[in-house]
Protein chains: 2
Amino acid sequence: PQVLVLTGFPCNRPELVYFVNSLTKKISLMICGHIIEGADSETLRQYRRYQKGYVTRWLNKRKIKAFYSVTTATNYRQGARGLMQTAGIGKLKPNILMMGFKSTWITDEPTNMDTYLSVIHDAFDCDYGVGILRTPERLFSEDPDMQPEDLNIHEEDEKNYDAMGDEVTPALTPMRRQSTPEVEPQDIELQTIENVNHLFERSLSKVENSLIFNKKQKGTIDVWWLFDDGGLTLLVPYILQTQSLWKNCGLRVFTAGTKRGELGREQKQMAQLLSKFRIECQDMTIITDVGKLPQEKTKQEFNELMKGMILDEDNGETPEEFPWKTSEDQMLLLKEKTNRMIRLRELLQEHSKDASLIVMTLPVPRKGTCPSSLYMAWLETLTRGMPPVLLLRGNQQSVLTFYS
Amino acid sequence: PQVLVLTGFPCNRPELVYFVNSLTKKISLMICGHIIEGADSETLRQYRRYQKGYVTRWLNKRKIKAFYSVTTATNYRQGARGLMQTAGIGKLKPNILMMGFKSTWITDEPTNMDTYLSVIHDAFDCDYGVGILRTPERLFSEDPDMQPEDLNIHEEDEKNYDAMGDEVTPALTPMRRQSTPEVEPQDIELQTIENVNHLFERSLSKVENSLIFNKKQKGTIDVWWLFDDGGLTLLVPYILQTQSLWKNCGLRVFTAGTKRGELGREQKQMAQLLSKFRIECQDMTIITDVGKLPQEKTKQEFNELMKGMILDEDNGETPEEFPWKTSEDQMLLLKEKTNRMIRLRELLQEHSKDASLIVMTLPVPRKGTCPSSLYMAWLETLTRGMPPVLLLRGNQQSVLTFYS
């Protein structure tokens, strides 16, 4: 898999960068995509500034083998499309789009939900697979050592900036932003990349020591293979396992079975399949009760998420006005899918609470069938309070080959 | 020089493709950029279709070493920007943008003039050099062998199309379009690339035999070096000369001198400079009367071009309504520059009428100072009825090194 990862400034989403690097290192391609929204000449000035190699140096210092590609676009979606279509060259072209989970979807500008879902759809239209990574948030935002004061600029720093010929701006925001890997790189409005880098260097030890994905991983990688997407959901964990960071991790595969009576046979088939792909698997579980109705309590949690996201048609709200909102009809129509997500959350909590990584099939509704708010609630349900989760979906092209 | 060339479908602008290839072959990078305007799902479908390798096969068949990069964008300017910013990877990134001359600027949708000039400005903002190639048009449009009837689809072809699973559409337009290398790839609306390719193959011998730039070149390459742009205007002809297609061509350098009395000294300096760069030059001419006023007749020709492009303020036309039009004030303000272009035309006709290629500094007005119609008239004046002309401007970064 060759990966285009929407990082904005890579230093603002270090977990995502380190994670993808642990997947592509030495064997594949990684491009960090950065989209600057806007079409005026100021945007182009930013573009030129960011091009200057600071980011590449930041990456090199951390031995992250990645290219950095920055682009300007009138809106985020166009920029992401452009990157997907033109990044790389010849065979060095990415085929998987990785993003951080947009954990601010509830509080953020609601149209951004639509953008997020559109980018996912565009990715499949451009023949990309899609991966969404969510890491536990406490890492940054609740780290008591990471106080804003740490980031104030001291005198000697000012001199450094002067020497670099750059303006001095106390850049508190970007560091806080790290806690929320979101899709919009709004940070770029706030300060020059040099400042970000510099600040990042200063608090480097603190931040980077608290990262998950720059350390050797223990525990299991739990694969929830719910849908045959060409095998990407299996391939990625397999590749991770071959990399030094993850080599101590056992692979456990979970898949949904149909009938209770056929369990033994299905398990056997699955084992045969995996061994055909020469994927070593520590444990394999066929879950037969995915179809069970979820508990009232977990359902309640989900409904909590949808508060304010339901189209209030009685008070005259229209879908044209609030395209991201979900109507009661749509809720009803997608009730079964929603229940399945809630049920999956229960199962994840039951089986994979202690995994070092969960890799799961990314749900992808057909275009226009699922409003973005409901979709985000699904993803939230699958990922909140979990170990790091990678939601993954291939582009239906078979990536596994076996010799029979 | 690593070149991004805006070809649309390469088969629609073969001269441009062959020319750039003769510059980059074996030593450098060439990317054929294709922009599909629009943002709907039909555009994405086209994108997927064009990605399938037909174009790459077309290029390979002609031994053109180029990558093909297609992108969708809401408008042409955005698409060109995106390509410039994200095409290539690492050190394999283009630094020169090449385009065909937009010879339809008078008859085409006038806003396209603005687009054309904007793309040029954007290129410099993205640290690109810019080259604009104009080849004599009679090649295609006046070729008596190239009748539209040739392009009608015969029965056996229909079968072929059926076998390919593609709709049959008599594609007359794209072949006619070849005669006018313009910046907008409207052709894409008309037929699938398979058809274009197929038709192109059929009339291959006719069209390709009439091309200029797929044959060994004789005669001189005349360089008109009017402005120090970092040396690109000298470097490109020098590189051309080292390539097999152009190796029989002598280089002649023309440059503007200041005072008649100092002619000998200036000529000597120039010769020294060129020998420092180790550029072999067959002949060198210092033109001292660039500043002379042009003749009434050539002036008249220019005024003819500007007909309908002058802002009719007396009848209430405003620049907001007709941004591409030139006001009388602007005409007056830029009179000196305009006269220089007209005078250069006279000089080109005098000295370089029989060159096999003219390479000349591209005039680039500061942003906002020159309306696009006046700019297009300048370019038209410099290129119409001439041998192939390449207008070229570096991004001010020095590309020539010498040992002193």
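Residues numbered from 1 in each chain as written. Chains lettered and ligands numbered in written order. Predicted model: local features only at pLDDT ≥ 70, side-chain atom pairs only at ≥ 80, totals over all residues. Heavy atoms only, no water.

Trainee: In this structure, what is going on with a negative patch on the surface? I would like to understand it.
Mentor: On the surface, E313, D314, E328 and D329 of chain A cluster together to form a negatively charged patch. Tracing the backbone shows E328 of chain A in helix α14 (residues 328–333). (Patch = residues over 30% accessible without salt bridge, like charges linked within 9 Å, V, L, I, M, F, W, Y side chains within 5 Å. Areas by Shrake-Rupley, 256 points an atom, 1.4 Å probe, with all protein chains shown as cover. Salt bridge = Lys/Arg side-chain N within 4 Å of Asp/Glu carboxyl O. Lys, Arg positive; Asp, Glu negative; His and termini not counted. Charge placed at Lys NZ, Arg CZ, Asp CG, Glu CD. Helix = DSSP H or I, 4+ residues; strand = E, 2+ residues; numbered from the N terminus.)

Trainee: Looking at this structure, how should I read the environment of T255 of chain B?
Mentor: All names here are of chain B. Relative to the assigned elements, T255 resides in strand β7 (residues 250–256). Under the relative-accessibility criterion, T255 is labelled buried at 12%. When the C-alpha positions of T255 and M270 are compared, they lie 8.8 Å apart, and in sequence the two are 15 residues distant. (Buried < 20%, exposed > 50% of the residue type's maximum accessible area, 1.4 Å probe, protein only.)

Trainee: Explain the sheet that holds strand β2 (residues 30–37) of chain B to me, please; I cannot follow it from the model alone.
Mentor: All names here are of chain B. Reading across the sheet, the 10 strands line up as β3-β2-β1-β4-β5-β10-β9-β6-β7-β8 and stay open at both edges, with mixed pairing between neighbours. Every interior strand has two partners, whereas the edge strands, β3 (67–73) and β8 (283–287), have only one. Here the average twist between neighbouring strands, direction ignored, is 20°. On top of the sheet, helix α11 (residues 232–242) reaches β4 (96–100), β6 (220–225), β7, β9 (357–361) and β10 (389–393); it is set at about 170° to β6, its chief contact. (Pairing = 2+ DSSP bridges. Axes fitted to C-alpha atoms, helices over the stretch in contact; angles between N-to-C directions. Contact = heavy atoms within 4.5 Å.)

Trainee: I would appreciate a short explanation of helix α15 (residues 335–351) of chain B in the present structure.
Mentor: Structurally, the α-helix is built with 3.6 residues per turn, so residues lying three or four positions apart point the same way. Compared with an ideal rise of 1.5 Å per residue, which puts 17 residues at 24 Å, α15 of chain B spans 24 Å between its outermost C-alpha atoms and is within 8% of the ideal. Of all the residues in α15 of chain B, the buried ones are T338, N339, M341, I342, R343, L344, R345, E346, L347 and L348 of chain B. (Expected span 1.5 Å × (residues − 1).)

Trainee: I keep staring at the relation of the copies chain A and chain B and nothing clicks. Help me out?
Mentor: The pair of chain copies shares a relation made of a rotation about an axis and a shift along it. Once turned by 180° and shifted 0.0 Å along the axis, chain A lies on chain B with an RMSD of 0.0 Å. Such a turn and shift between the copies fits a two-fold axis. A shared interface surface links the copies, since 100% of the contact residues of chain A are contact residues in chain B too. (Least-squares fit on C-alpha atoms with pLDDT ≥ 70 in both.)

Trainee: For this particular structure, what's the right way to read the interface of chain A and chain B?
Mentor: By convention, interface size is frequently given as the accessible area that disappears when the constituent parts associate. Of the residues lining the interface, 33 residues belong to chain A; the matching set on chain B comes to 33 residues. Of the roughly 2,500 Å² buried where chain A meets chain B, counting both sides, 50% is carbon and sulfur surface. Of all residues in chain A, the largest losses of buried area upon contact with chain B belong to Q85, T86 and I89 of chain A, amounting jointly to 26% of the total for that side. For the pair chain A and chain B, the interface holds two salt bridges. With a closest N to O distance of 3.6 Å, D127 of chain B and R48 of chain A form a salt bridge. Sorting the residues of the side of chain A that touches chain B by element identifies α2 (41–50), β3 (67–73), α4 (76–86) and α5 (111–125) of chain A as the ones contributing at least two each. (Buried area = accessible area lost by both parts, 1.4 Å probe.)

Trainee: Would you explain the packing of aromatic side chains in this entry?
Mentor: Geometrically, a pair of aromatic rings is defined through the distance of the ring centres and the angle of the planes. A full pass over the atoms with the stated rule returns 14 aromatic pairs over all chains. Summarising the aromatic geometry, the rings of F9 of chain B and Y50 of chain B are spaced 4.9 Å apart at their centres and angled 70° between planes, so their arrangement reads as edge-to-face. Placement of F9 of chain B in the loop between β1 (3–6) and α1 (14–24) and of Y50 of chain B in helix α2 (residues 41–50) is noted, with a sequence separation of 41 residues between them. Looking at Y50 of chain B, the relative accessible area reads 0%, which means it is buried. Ring centres 6.0 Å apart and planes at 90° place the aromatic pair F19 of chain B and W246 of chain B in the edge-to-face group. With a gap of 227 residues between them, F19 of chain B in helix α1 and W246 of chain B in the loop between α11 and β7 connect regions that are remote in the sequence. Just as F19 of chain B is buried, W246 of chain B falls in that class too. Stacked on the ring of F322 of chain A, the Lys or Arg K325 of chain A has its end atom at 4.6 Å from the ring centre. (Phe/Tyr/Trp six-rings, centres within 6.5 Å; stacked < 30°, edge-to-face > 60°. Lys NZ or Arg CZ within 6 Å of the ring centre and 35° of its normal.)

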